[in-house]
Amino acid sequence: PFEVEFTNASQNGSDFSWEFGDGNSSALISPSHTFDNYDLNALDDEITYTISLQAETTHAISSLTCTDGQTREITVAPRLLPSFNIDEPVGCSDRIVEFENTSTGGTALSYLWDFNNGESSSEHSPNQVFSHVGFPDDHETERVFTVNLTATNPKGCVREVQQEVVVFPRIQ
């Protein structure tokens, strides 16, 4: 979502009509409006909205109504939706886990993976080894790694998502 505070610079108007290009309108002098870009058919496309302002005044003596208007465009980047799949989220120590990045929200996204094991990656869909040595009498205790994916788009929007990888100790 992208919230915009509009400033009405009209002079001598008494009534105002804003059209935001998304089916919503306002009669406030300087409204705010939230634009969204969540089109399931076009998750990576920008949407451009045409905003119009009509200002009007009726002169008391002559009953003459004067109007004038302006239009502007606002482009809204796609909603950033980071997501990923884990090939096998539960397993034994020292295994390679494959991560499939399924994020949407535009092109040229950058990614930062934190595997919660001291390792990180900026690859699109990395692989990572998870180890758990355990203790001599601790063969049943698993270790949970919370994997965090942070996605950033070129407009500076940042979102993150987390999932867990569970690793059981290696047999010694």
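Remember, it's a predicted structure, so these values are computed and weren't measured experimentally.

## Re the sheet that holds strand 3 (residues 25-26)
Strands belonging to one sheet form pairs held by backbone hydrogen bonds; the direction of such a pair is parallel or antiparallel.
And then number 1: In spatial order, the strands read 3-2-5-6; together these four strands make up an open sheet with antiparallel pairing. Each end of this open sheet is capped by a strand with a single partner; those strands are strand 3 and strand 6 (65-76).
And then number 2: Bridge count between strand 2 (residues 15-19) and strand 5 (residues 47-58): five bridges; the pairing is antiparallel. Across the sheet, D15 pairs through a bridge with E56, a residue of strand 5.

## A short note on the nonpolar core
And then number 1: Judged by nonpolar contacts, the single largest core of 16 residues is most densely connected at F84, F99, W113, F130, V147 and V165.
And then number 2: Among the elements that take part in this core, strand 13 (residues 143-152) stands out by supplying four residues, more than any other.
And then number 3: Counting residues in hydrophobic clusters, the runner-up holds 12 residues, among them V4, W18, A55 and I74.

## Digging into the sheet that holds strand 7 (residues 84-86)
And then number 1: Across the sheet, which stays open at both edges, the three strands sit in the order 7-9-12 with antiparallel pairing between neighbours. Of all the strands in the sheet, just strand 7 and strand 12 (127-130) have a single pairing partner and so form its edges. In this sheet, neighbouring strand axes are inclined to one another by 30° on average, regardless of whether the strands run parallel or antiparallel.
And then number 2: In the sheet, strand 9 (residues 95-101) pairs with strand 12 via four bridges, with the strands oriented antiparallel. In the strand pairing of strand 12, E98 is matched with N127.

## Thoughts on the packing of aromatic side chains
And then number 1: Tallied over the entire structure, the rule returns 14 aromatic pairs.
And then number 2: For the pair W18 and F20, a centre-to-centre distance of 6.5 Å together with 15° between the ring planes defines the contact as stacked.
And then number 3: Judged by relative accessible area, which is 2%, F20 ranks as buried.
And then number 4: When the ring of F84 is compared with that of W113, the centres are 5.0 Å apart and the planes differ by 70°; the resulting orientation is edge-to-face. Separated by 29 residues along the polypeptide, F84 in strand 7 and W113 in strand 10 (residues 110-114) bring together distant segments of the chain. W113 carries the same exposure label as F84, and that label is buried.

Cut-off values and rules
Residues numbered from 1 in each chain as written. Predicted model: local features only at pLDDT ≥ 70, side-chain atom pairs only at ≥ 80, totals over all residues. Heavy atoms only, no water. Pairing = 2+ DSSP bridges. Helix = DSSP H or I, 4+ residues; strand = E, 2+ residues; numbered from the N terminus. Core = buried A, V, L, I, M, F, W, Y, C linked by side-chain atoms within 4.5 Å. Buried < 20%, exposed > 50% of the residue type's maximum accessible area, 1.4 Å probe, protein only. Axes fitted to C-alpha atoms, helices over the stretch in contact; angles between N-to-C directions. Phe/Tyr/Trp six-rings, centres within 6.5 Å; stacked < 30°, edge-to-face > 60°.

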